[in-house]
Every structure is written in structure tokens, then in C-alpha cells.
Amino acid sequence: MKSLDSHIESVLWTSDEITSRVSELAAEISADLSHLSEPPVLVGVATGAFLFLADLARHVHLPVTVDFIRAESYGSGTESNGSPKISSDLKLDVTGRHVVLVEDIVDTGSTISCLIAHLESKGASSVSVCTFLDKPSRRKVHFKLLGNGKFYRGFECPDYFVVGYGMDFAELYRNLPYVGVLKPERYKCQSP
């Protein structure tokens, strides 16, 4: 079996660069939310954000609660189908709480818009978005944050199909400690 590294065309962000940026984001969130009377709820968008959420939560210097939500819009392909569906909901009650949606990548904006609306329907008082990667060049839906929500971005990502640090193609590559561009022949044939 070949190493997953051989499937990567180029590395965009190394493990050290990721660690540094996650620490900066956590410090910013800690400062921005230190005034809250109740702990904010960090909600990871499964499965892609699991590593980012874990690292971010460890560096936020405030009491927080953590939950996951699953919204699916990619299947096993490389393009969002534009119609995200919530397939696994929160366990925590977010009524009256500030929620920070922790996402691996904001691409078209469809999923994040759907999730913000869902959290509003569940009574969240405000919703911030903390995305590891942002692809504003692919934005089709311009989402509106809720209440005093803020948008936090780790890195602006060029329009490549990227994997690693929790992000996958066909459920593989999540365990790479860096973010890399997947070689097109790995996904154009649709088999990992």
C-alpha cells in the first residue's frame, strides 16, 4: 500500500503553520467571547472539522461546551451538491447561547447558511463561524451571521481540492497532519 503522501501534489499548509494559526484563532475567540455570562458552545461540523475543533478547543482559554452536527452536501464527490441536509443534530440545548460553528472549509456557503438558520431555529442568541479554510472565490450563498456573531478564518484557500487535517476525499486523507492539494488523478477516477 502506497503512502498517502504520494497522492499529494503539493502541501499548502504545514503542521507547524496550522498549529500557529489555530492558536491565533483561539486567542481571538477567547478575547471576543470573554464577556459572556454563559460558556459559548463550540459546534463542530462533522466529520471534516474534528481535528480543527479539538485543537481549537484546547487553545480557547474560556469555559466552553462542545457538540457536533453533521450536514452532508458532498457525498463521495468533489463538488457540493448545493442542498445540504442535516443528518445528525445537536445533543445540547443552545437556546439563548452563543454558538461558534467550527467548520473545516466554507466553500459555496450553502452548508454554513443552512446551519446558521438551523441554529437560529433552535434558539441560539448569536452564531459565529470559525472556519479553518475559506474559499470566497467559490461563494454562491452569502450567509448572514446571527446576533453578535463574527466570522473567523484560518486561511484563505485557493480553488484546489484539498485534503488533510480532517478533510477527506472518499473518507481518506483525514489523518494527514498538513493540508495538501490532492493529485487530480486520485479523484477524477473516483477511487482513492
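This is a predicted model, so every value here is computed, not measured. (Residues numbered from 1 in each chain as written. Predicted model: local features only at pLDDT ≥ 70, side-chain atom pairs only at ≥ 80, totals over all residues. Heavy atoms only, no water.)

## Focus: the pattern of salt bridges
- Across all of its chains, the model carries 14 salt bridges by this definition.
- A salt bridge links Arg21 to Glu24, with the nearest nitrogen and oxygen atoms 3.0 Å apart. Here the residue Arg21 and the residue Glu24 both occupy positions in helix α1 (residues 15-33), the gap between them amounting to three residues, near one helical turn.
- Notably, a salt bridge pairs Glu28 with Lys150, separated by 3.0 Å at the nearest N-O pair. One end of the pair, Glu28, is in helix α1; the other, Lys150, is in the loop between β6 (126-134) and β7 (151-156), and 122 residues separate them in sequence.
- Among the charged side chains, a salt-bridge network with shared partners connects Asp107, Lys135, Arg138 and Asp159. (Salt bridge = Lys/Arg side-chain N within 4 Å of Asp/Glu carboxyl O. Helix = DSSP H or I, 4+ residues; strand = E, 2+ residues; numbered from the N terminus.)

## Some points on the packing of aromatic side chains
- Per the stated rule, a full pass over the model turns up eight aromatic pairs.
- A centroid spacing of 5.7 Å and a plane angle of 45° characterise the contact between Phe143 and Phe151, whose relative ring orientation is tilted.
- For Phe143, a relative accessible area of 18% puts it in the buried group.
- Taking relative accessible area as the criterion, Phe151 reaches 27% and is therefore assigned partly exposed. (Phe/Tyr/Trp six-rings, centres within 6.5 Å; stacked < 30°, edge-to-face > 60°. Buried < 20%, exposed > 50% of the residue type's maximum accessible area, 1.4 Å probe, protein only.)

## A short note on the sheet that holds strand β3 (residues 65-72)
- Pairing within the open sheet is mixed, and its six strands lie in the order β4-β3-β2-β5-β6-β7. Each having just a single partner strand, β4 (85-88) and β7 make up the two edges of the open sheet. Across the sheet, the mean angle separating the axes of adjacent strands is 25° when strand polarity is ignored.
- Bridging between β6 and β7 involves five bridges; their strand directions are parallel. (Pairing = 2+ DSSP bridges. Axes fitted to C-alpha atoms, helices over the stretch in contact; angles between N-to-C directions.)

## Description of the sheet that holds strand β8 (residues 162-163)
- Pairing within the open sheet is antiparallel, and its three strands lie in the order β1-β9-β8. Looking at strand neighbours, the two that pair on one side only are β1 (8-13) and β8, the edges of this open sheet.
- Strand direction decides the pairing type here: β1 and strand β9 (residues 179-182), joined by four bridges, are antiparallel. Paired with Val11 across the bridge in β9 is Gly180.

## Here we look at the nonpolar core
- The biggest cluster of nonpolar side chains holds 27 residues, and the ones touching the most others in it are Phe52, Leu56, Cys130, Phe132, Leu133, Val162 and Val179.
- Residue assignment for this core shows that the elements contributing at least two residues are α1, α2 (50-59), β5 (98-106), β6, β7 and β9.
- At six residues, the largest contribution of residues to this core is made by α1.
- With residues up to four places along the chain from it excluded, the contact list for Phe132 reads Ile18, Phe52, Glu103, Asp104, Gly154, Phe155, Tyr165, Met167 and Val179.
- Core analysis: the second largest hydrophobic core is formed by 20 residues, Ile69, Leu101, Phe143 and Leu146 among them. (Core = buried A, V, L, I, M, F, W, Y, C linked by side-chain atoms within 4.5 Å. Contact = heavy atoms within 4.5 Å.)

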